[in-house]
Amino acid sequence: LEHTAIDVADPVAVAKWWVENLGFEITSQRDDVTHTTFIVDKTGKIALELYRAKDAPSAPDYHSMRPLALHFGFVSDDVEADIARLTAAGATLVVHEKAPGFDGAMMKDPFGISIQFVKRARQILKEMPK
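J.: Break down the environment of Lys42 for me, with residues and values.
T.: You can see Lys42 is positioned in the loop between β3 (37–40) and β4 (47–51). The spacing of Lys42 and Phe72 is 30 residues in sequence and 15 Å in space, taken between C-alpha atoms.

J.: If you had to explain the side chain of Asp109 to someone new, which residues and values would you point to?
T.: On the secondary structure map, Asp109 appears in the loop between β7 (102–108) and β8 (114–120). Of the side chains with opposite charge, Lys108 comes closest to the buried, unpaired Asp109, at an N-O distance of 8.1 Å. For Asp109, the side chain forms a polar contact with the main-chain nitrogen of Phe111, separated by 2.8 Å. Setting aside residues no more than four positions away along its own chain, Asp109 makes contact with Trp17, Trp18, Ala91 and Ile115.

J.: Describe the pattern of salt bridges, naming the residues involved and giving the relevant values.
T.: Under the defined criterion, the tally for this structure stands at 5 salt bridges. In this structure, Glu20 and Lys16 form a salt bridge, with 2.6 Å as the shortest nitrogen-oxygen distance. Placement of both Glu20 and Lys16 in helix α1 (residues 11–22) is noted, with a separation of 4 residues, approximately one turn of the helix. A relative accessible area of 47% places Lys16 in the partly exposed class. Here Arg30 and Asp32 are joined by a salt bridge, their closest N and O atoms 2.7 Å apart.

J.: Report on the side chain of Lys108, specifying residues and quantitative values.
T.: Its place among the elements puts Lys108 in strand β7. The side chain of Lys108 is buried and forms no salt bridge, while Asp61, the nearest opposite charge, is found at 7.4 Å. At 2.6 Å, the side chain of Lys108 forms a polar contact with the backbone oxygen of Tyr62. In contact with Lys108, other than residues within four places in its own chain, are Tyr62, His63, Met65, Pro67, Ala91, Thr92, Val94, Ile113, Ser114 and Ile115.

J.: Hey, could you go over the sheet that holds β7 for me, with residue numbers and the actual values?
T.: Sheet strands line up and pair through hydrogen bonds in the backbone, either parallel or antiparallel. A sheet is described by the order of its strands in space; here 4 strands give the open sequence β5-β8-β7-β6, paired in mixed fashion. Strands at the two margins of the open sheet, each flanked by one partner only, are β5 (72–75) and β6 (92–99). Pairs of neighbouring strands in the sheet enclose a mean axial angle of 20°, with direction left out of account. Bridge count for β7 against β8 is 7 bridges, and the pairing is antiparallel. Each residue of the ladder has a partner; that of Gly104, found in β8, is Val118. Each of β5 and β8 is contacted by α1, which is oriented at about 20° to β8, the strand it contacts most. Its contacts with the sheet place helix α2 (residues 79–88) against β6, β7 and β8, and it is angled at close to 10° to β7.

Thresholds, definitions, all that
- Residues numbered from 1 in each chain as written.
- Predicted model: local features only at pLDDT ≥ 70, side-chain atom pairs only at ≥ 80, totals over all residues.
- Heavy atoms only, no water.
- Helix = DSSP H or I, 4+ residues; strand = E, 2+ residues; numbered from the N terminus.
- Buried < 20%, exposed > 50% of the residue type's maximum accessible area, 1.4 Å probe, protein only.
- Lys, Arg positive; Asp, Glu negative; His and termini not counted.
- Salt bridge = Lys/Arg side-chain N within 4 Å of Asp/Glu carboxyl O.
- Polar contact = N/O pair within 3.5 Å; in protein donor to acceptor, adjacent residues only side chain to side chain.
- Contact = heavy atoms within 4.5 Å.
- Pairing = 2+ DSSP bridges.
- Axes fitted to C-alpha atoms, helices over the stretch in contact; angles between N-to-C directions.

So, in structure tokens, the structure goes:
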């Protein structure tokens, strides 16, 4: 898997917010009608393509989409701190759930894209991002 692509109404604004608040870096950005932008996480192993499809009348309505239908999950060292930090940056909290061995918050970025922050007793990745 090289990247995941999502059609968004404003790729430039989404990329800027993810860079400023989620630790991504822009590696490529086109100045055309699609504004196709590639962002990469701090490990350099996770890439997202944000673009505005030329052939669709509008991007999906992420605000109304159920977070469990599509979300991007991030490892968190401190879920409550991430909630506070991202809420201050314009994200909204959908739900914060705690269970033995799990602390997780489902949020929506200012564009309605679902983002999740999880702290697990047992990680699902083979190697944790540094």
